[in-house]
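The residues making up each chain are set out below.
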Amino acid sequence: MGSLLPLAAAAARSPFRKVRPDARPPKTRVTLGPRPIARDHLAAYARICGFRTTGHPDEAGVAGGRGRAAPLPPTYPHVLGFPAAMRLMTARDFPLPLLGLVHTWIALTRHAPLGVDDRPEITVHTESLSPHRRGTEATLVTEARLDGELVWESRSGYLARHPRPGGTPDEDPSPRQPPPADPLPETASWDLTADLGRRYGSVSGDRNPIHLHPLTARAFGFPRAIAHGMWTFARCLAELDPDGEHPYAQAAFKAPVLLPGTVSFATDGQGRFQLRRGERLHLTGFSGETSARCS
């Protein structure tokens, strides 16, 4: 994943960045690559998230047995783009403080196959800034290209929490989907360890302090460390579609998942899923052949 130490130093200065009411999305675009995919890193990512596929037909499957020709895990290009996203968000023209940013939603689409032997070019840019009832939300776009062709893309919302004058309403730019009338049937239960944030952070490169330790999480208003939103999303997709074949997926992060703890995965068998702890909904999403968005 390369060294992120200079970016971490820039991130440490970002809490002093004040969000201006008239802030506009920066025009900066950060591009990495074309770059090879490290098979050991891909296998480690698939293992911690629960995917069977490592994107290569000649490798042993993570869950045992032989691998087979398959695309990369659908969330993996987002991890490849994380260093570019860090460069974007630590640049002087990015209007939000990096430390303490909360991932609020994501929607991703695979337009063409992407495998471990490919060398994708990754580009990240800020699409928009939107008022949110709890602060300001940036929409970041990550794109993967092969020989100039767009093969994968994601849009993600990142919230900087701060008081807003006049109680600005939440404009909620997240993907909209019809909520289930009742809780979906539970099909699995996962015990999450206290060190999950540190273990996933070592693979993904995302070492936001809200995920690492209770003390650093409390500095940003959380009682304990919380699981990465991208881990919860990826783990749900791996449970629903372990070979990563669905070309579209989306999720809205409703409440943080405190570590350690036990959560329940639920699905209607038609692509919709939820992550819950008791009656508390942490995540709701969809995975399938086409988008489930609606107005």
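Residues numbered from 1 in each chain as written. Predicted model: local features only at pLDDT ≥ 70, side-chain atom pairs only at ≥ 80, totals over all residues. Heavy atoms only, no water.

**Some thoughts on unusual backbone geometry**
What counts here: Helix and strand labels come from DSSP, where a helix needs a run of H or I of at least four residues and a strand needs a run of E of at least two; each type is numbered from the N terminus. Burial classes follow relative accessibility: with a 1.4 Å probe on protein chains only, a residue under 20% of its type's maximum area counts as buried, one over 50% as exposed, and anything between as partly exposed.
At the junction of glycine 33 and proline 34, the peptide bond is cis and its omega measures out at 5° in the coordinates. You can see proline 34 is positioned in the loop between β1 (29–32) and α2 (39–49). Here leucine 259 and proline 260 are connected by a cis peptide whose omega angle stands at -5°. Assignment of secondary structure puts proline 260 in the loop between β7 (248–253) and β8 (261–267). Located in the positive-phi region is aspartate 147, a residue other than glycine, with phi close to 50°. Within the secondary structure, aspartate 147 is located in the loop between β4 (135–146) and β5 (149–161). Owing to a relative accessible area of 87%, aspartate 147 belongs among the exposed residues under this scheme.

**Quick look at helix α4 (residues 82–90)**
Summarising burial for α4: eight of the nine residues are buried, a large majority. Of all the residues in α4, the buried ones are Phe82, Pro83, Ala84, Ala85, Met86, Leu88, Met89 and Thr90.

**Comments concerning the sheet that holds β8**
Threshold: Two strands are counted as paired when DSSP detects at least two bridges linking them. Whenever a helix is involved, its axis is fitted only over the stretch in contact; in every case the axis is a line through C-alpha atoms, and angles between N-to-C directions fall within 0 to 180 degrees. We call two residues in contact when some of their heavy atoms are within 4.5 Å.
Strand order in the open sheet formed by ten strands is β1-β3-β4-β5-β2-β7-β10-β9-β8-β6, with antiparallel pairing between adjacent strands. Two strands bound the open sheet, and with one partner strand each, they are β1 and β6 (186–192). Ignoring which end each strand starts from, the neighbouring axes of this sheet average 20° apart. Where β4 meets β5, twelve bridges bridge the pair, whose relative direction is antiparallel. Residue pairing for β5: glycine 135 is matched across the bridge by arginine 161. Packed on one face of the sheet, helix α7 (residues 229–240) meets β2 (102–110), β6, β7, β8, β9 (272–277) and β10 (280–288) and runs near 135° to β7.

**Focus: the confidence of the model for the chain**
What counts is decided by this rule: Values of pLDDT, which run from 0 to 100, indicate the predictor's confidence residue by residue.
When pLDDT is averaged across the chain, the result is 84; 80% of the residues are at 70 or more. Segment residues 60–69 is flagged for pLDDT under 50; beyond a separation of four residues in sequence, or across chains, it makes 23 contacts in the model. Below pLDDT 50 for its whole length, residues 168–172 participates in eleven contacts with residues either more than four positions away or in separate chains.

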